[in-house]
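Examination of the molecular architecture
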Amino acid sequence: MVKIASYNLWNGAGETYFRLTDFIKEQKFDVLCLQEVNGWQDKNFARLKDFADRDGYTDYQYGNSNSEYKLATFSMLPVVSQTVHEEGFWHCVVETHVRFGDTELAIFNLHLDPWKEEPRLREVEKLLSRIDASKPTILTGDFNSLSRQDNYPPEFLQELQRRGIYKYGQNELDFGVTDRLASAGFVDVAAQSSKFDKTVPSPYSTDPEHEVPARIDYMFVSESLKPLVRDFAVIKNEATDKISDHYPVVLTLGQQDELPAAPVAKPDETQIASAPAPKPENPENEPENTATEGEIKVHH
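Overview of the structure. Computed from a prediction, not measured in an experiment: that's the story for all the values here.

Considerations on the pattern of salt bridges
Using the criterion set out here, one finds 13 salt bridges in the structure. Of the charged contacts, one joins Arg 54 and Asp 50 as a salt bridge, the two residues approaching to 2.6 Å between their closest N and O atoms. In this pair, Arg 54 and Asp 50 both sit in helix H2 (residues 42–55), four residues apart, roughly one turn of the helix. By relative accessible area, which is 37% here, Arg 54 ends up partly exposed. Taking relative accessible area as the criterion, Asp 50 reaches 26% and is therefore assigned partly exposed. Residues joined by salt bridges that share partners form a network here, namely Glu 159, Arg 162, Arg 163 and Glu 211.

Pasting the structure below:
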């Protein structure tokens, strides 16, 4: 099994850093995608290196975004390659390829535009142009977007408007980003799970943009990875109530060889009718054919 997590830290977890490191050490995520690692690059990346050392990560990639809100991806799995995409993104995207058994996973750590859906959709279009969706791929992070899968009631939009929150749409909710990813063949793992839950706000939050409970942190997987999904969770406990305004989301994958074997199809009547007729009694000293009439040999 492999556990992949995404967590928005809210301004670098400046006041909650040691709670964060204790929580991550306990969870032992194989790959961890962080958003808002603000200040972790200071003093020659002192905090970034300290975090990796404390929580046992052998590789990491810092995303020097176009804003003060930085990203980082940490891995305990062997890293094949890492790339940071800055051009055309409000923050940036950290692309990491890791080796998981015989599979190479492409993991994209996102933090989309915080203000409007239209520029977020442009970011997603740019990202999709760089992705081979036929290969095992995970898109995760803070999308700042809603999904129609959550079936928000009319009162939700009214409450957003009452509070002056328009990042999710003006006169109606805008699901452009998540709809586009679905049309590109990506699967919203949470929507397939019984552990469907909101990701903001936590009790620690004082962000007015997150006062109304919503799901804006996601795990999307390519169709080829869907059979390997074993679990999904939004971790809400005493620790995560006090670390950030967001809650972490976690995806658990199994390996390809853990999939059940495909059942062997039984021969139909046409196959039986066309099977060769049984041979006459064996001539002396000839090995006997022990196959029954109509038996089909299956080679593995």
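Here we look at the packing of aromatic side chains
Considering all chains together, one arrives at 15 aromatic pairs under this definition. For Arg 47, the ring lying beneath its charged end belongs to Tyr 17, and the centroid distance is 3.7 Å.

With respect to the packing of helix H1 (residues 17–27) against H2
For the pair H1 and H2, interaxial distance at closest approach is 9 Å and the crossing angle is 35 degrees. Seen along the crossing, H1 lies across H2 with a hand that is right-handed. Contacts between H1 and H2 involve Tyr 17, Phe 18, Leu 20, Thr 21, Ile 24 and Lys 25 on the former and, on the latter, Arg 47, Asp 50, Phe 51, Arg 54 and Asp 55. A class-by-class count of the residues in the contact of H1 with H2 yields five nonpolar, one polar and five charged.

What counts as what
Residues numbered from 1 in each chain as written. Predicted model: local features only at pLDDT ≥ 70, side-chain atom pairs only at ≥ 80, totals over all residues. Heavy atoms only, no water. Salt bridge = Lys/Arg side-chain N within 4 Å of Asp/Glu carboxyl O. Helix = DSSP H or I, 4+ residues; strand = E, 2+ residues; numbered from the N terminus. Buried < 20%, exposed > 50% of the residue type's maximum accessible area, 1.4 Å probe, protein only. Phe/Tyr/Trp six-rings, centres within 6.5 Å; stacked < 30°, edge-to-face > 60°. Lys NZ or Arg CZ within 6 Å of the ring centre and 35° of its normal. Axes fitted to C-alpha atoms, helices over the stretch in contact; angles between N-to-C directions. Left-handed = near helix turned anticlockwise from the far one by under 90°. Contact = heavy atoms within 4.5 Å. Nonpolar A, V, L, I, M, F, W, Y, C, P; charged D, E, K, R; others polar.

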